Amino acid sequence: AMLCARAAMARSLARWATAGTVGPSPRAARRVPAFGGAGDSRRVRPSPVTHRASSSFVAASSATASTGGKGVYDDPRTYELAFGFREFDKEAAFLASLSERIGTGRPPASLLELGAGPAWHSTAVASLCPGAVAVAVDNSAPMLERARERVAESALNERVAVVEGDMTRLDAKACVERAVEMAPRESKQAVARGFDVACVLLGTAAHLVNTEDALACLRAIHDALAPGGVAVLELEHPYDLFDGQLTDAQGDAWDREDVTRGVKVLVEWGREGDAFDVATHVVERTVGFNVLDVATGAPANGYVPAEEVVSCRVFTAPEVDLLARLAGMRVCATYGDMDEDVRLDSEEAHNMLVVLKKDHQ
């Protein structure tokens, strides 16, 4: 069974460049990609050689581990060190705005997060929206444990449920029922109609490598949404497919330092020779984590190196549109980041955000 997880979006790393330090207020600065000239809308990538940046837009899972050793998703501490740079409060505000502007017309009373990992977005939305409840679904035991810790640390045990489940075989009814149990009395009736927002973020949907699984996931999301509700998918930008560099199997790498813990994680995202299937658009990426002691440069105590091959599918916008229609939804908006001001064709586009809507019935 395929695990709920994060997907690989290696080429998008070339859009990031900051100093590799995680401090009390980490903020990832963005580098504007080069363009072909004034009025030229083509996106010209930097050199496809290994690129070292301080932070990545994406994350990975042990869904398709092939090394037999420790998977890259098995240690939440390393995972959060590598990928926890994002501004989740702002991303929660983005989700809430979508609900108000093009969804149910109100701030979300409920959120369904699939492939939730540490439940970053569930806790952020519940913190932002008074009375909102969230159900965070994943099926990695270490990440479920970490998600429950985060919920407790945020004092959100009464409003965020962490649930073990597979996004390709999701029990939508049970998820809605769990949300209703937590909802305040005044919003129970609204929550019982379904979730205002569902999200599959951090590239998780790229692990839906076959169409049957992708359609099953979207149909479950449809069943879980309230009439008028929206689903937000975060995917690799389609330019990464069409520029031809995926067939070159060029790798990326970056590091992030945590000054508080005195450690630095080195992340390998893709390796020369990784296979890309031009027929299925599935890339087999080698992913590795190594955590070093900043002072000595030696392996940090308590951390184990991890490496595995992760299968990821690169979706195009028309594919998502067709899958959405088959699942009973429609595409109502696209963005180039979790920011309403970043268009899909913008030079600031880091990825492809597709917003699906379940129309009123």
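If you're wondering where the values come from, they're calculated on a predicted model, not measured in any experiment.

S.K.: When you look at the packing of aromatic side chains in this model, what are you seeing that I'm missing?
M.R.: For any two aromatic rings, the description comes down to two numbers: the centre-to-centre distance and the angle of the planes. Here the structure, examined in full by the defined rule, presents nine aromatic pairs. Taking 5.6 Å as the distance between ring centres and 20° as the angle between the ring planes, the aromatic pair formed by Tyr79 and Trp120 counts as stacked. Highlighted residues: Tyr79 in helix H1 (residues 76–83) and Trp120 in helix H3 (residues 120–128), separated in sequence by 41 residues. Assigned by exposure class, Tyr79 and Trp120 land together as buried. With centroids separated by 5.6 Å and ring planes inclined at 85°, the aromatic side chains of Phe94 and Tyr335 adopt a geometry described as edge-to-face. Placement of the pair is Phe94 in helix H2 (residues 88–102) and Tyr335 in strand S15 (residues 330–335), with a sequence separation of 241 residues.

S.K.: What is the right way to look at the sheet that holds strand S8 (residues 195–200) in this model?
M.R.: Strand-to-strand pairing in sheets goes through backbone hydrogen bonds, with the strands running parallel or antiparallel. The strand order S7-S6-S5-S8-S9-S16-S15 describes an open sheet built from seven strands, whose pairing is mixed. Two strands lie at the open edges of the sheet, namely strand S7 (160–164) and S15, each paired on one side alone. Along the sheet, successive strands turn relative to each other by an average axial angle of 20°, direction set aside. Strand direction decides the pairing type here: S8 and strand S9 (residues 225–235), joined by five bridges, are parallel. Along S9, the bridge assignment pairs Val200 with Leu233. Across the face of the sheet, H3 comes into contact with strand S5 (110–114), strand S6 (133–138) and S7 while running at roughly 170° to S5. With respect to the sheet, helix H7 (residues 211–224) is in contact with S5, S8, S9 and strand S16 (352–357), its orientation differing from that of S9 by roughly 145°.

S.K.: I tried to follow unusual backbone geometry on my own but got confused; where do I start?
M.R.: Of all residues except glycine, most have a negative phi; of all peptide bonds, most are trans. Phi angles above zero are rare outside glycine, and Ala119 is one such case at about 65°. Along the polypeptide, Ala119 turns up in the loop between S5 and H3. For Ala119, a relative accessible area of 0% translates into the label buried. Although it is not a glycine, His281 adopts a positive phi angle of roughly 65°.

S.K.: Which parts of the structure should I look at to understand the confidence of the model for the protein chain?
M.R.: For residues with low pLDDT, the predicted coordinates do not support detailed interpretation. For the protein chain, mean pLDDT is 82; residues scoring 70 or higher make up 80% of the total. For residues 1–68, every residue scores under 50 in pLDDT, and the model assigns this stretch 234 contacts once sequence neighbours within four places are set aside.

S.K.: Looking at this structure, how should I read the environment of Ala126?
M.R.: Counting through the fold element by element, Ala126 comes out in helix H3. The class for Ala126 is buried, based on a relative accessible area of 1%. Between the C-alpha atom of Ala126 and that of Ala109, which follows or precedes it by 17 residues, the distance is 8.9 Å. If we ignore the near neighbours within four places in the chain, the residues touching Ala126 are Ala132, Leu156, Arg159 and Val160.

S.K.: So what exactly am I meant to see when it comes to the pairing of strand S10 (residues 252–258) here?
M.R.: Each regular strand displays side chains that alternate between the two surfaces of the sheet. For S10, a buried count of seven out of seven residues is recorded, marking the element as mostly surrounded by other parts of the structure. Along S10, one buried face is formed by Asp252, Trp254, Arg256 and Asp258 and the opposite face, lined by Ala253, Asp255 and Glu257, is buried too. Counting the residues that bridge the hairpin from S10 to strand S11 (residues 263–269) gives four residues, and of these Gly262 lies at a positive phi of roughly 70°.

S.K.: Help me understand the nonpolar core in this model?
M.R.: Burial of nonpolar side chains together is a common tendency in soluble globular proteins. Residues Phe83 and Phe289 are the most contacted members of the largest nonpolar core, which totals 61 residues. If one sorts the elements of this core by residue count, H2 sits on top with seven residues. Membership of the second largest hydrophobic core comes to 42 residues, among which are Val133, Ala161, Phe195 and Met352.

S.K.: Is there a simple way to explain the pattern of salt bridges in this structure?
M.R.: If the charged atoms of two oppositely charged side chains come close together, the side chains can form a pair. Considering all chains together, one arrives at 20 salt bridges under this definition. Two residues, Glu234 and Arg86, come together in a salt bridge whose shortest N-O distance is 3.0 Å. One end of the pair, Glu234, is in strand S9; the other, Arg86, is in the loop between H1 and H2, with 148 residues separating them in the sequence. Residue Glu234 is classed as buried on the basis of its relative accessible area of 0%. When its relative accessible area of 8% is taken as the criterion, Arg86 is described as buried. Across the salt bridge formed by Glu268 and Arg271, the nearest N and O atoms sit 2.8 Å from each other.

Parameters and conventions
Residues numbered from 1 in each chain as written. Predicted model: local features only at pLDDT ≥ 70, side-chain atom pairs only at ≥ 80, totals over all residues. Heavy atoms only, no water. Phe/Tyr/Trp six-rings, centres within 6.5 Å; stacked < 30°, edge-to-face > 60°. Helix = DSSP H or I, 4+ residues; strand = E, 2+ residues; numbered from the N terminus. Buried < 20%, exposed > 50% of the residue type's maximum accessible area, 1.4 Å probe, protein only. Pairing = 2+ DSSP bridges. Axes fitted to C-alpha atoms, helices over the stretch in contact; angles between N-to-C directions. Contact = heavy atoms within 4.5 Å. pLDDT = per-residue confidence, 0-100. Core = buried A, V, L, I, M, F, W, Y, C linked by side-chain atoms within 4.5 Å. Salt bridge = Lys/Arg side-chain N within 4 Å of Asp/Glu carboxyl O.

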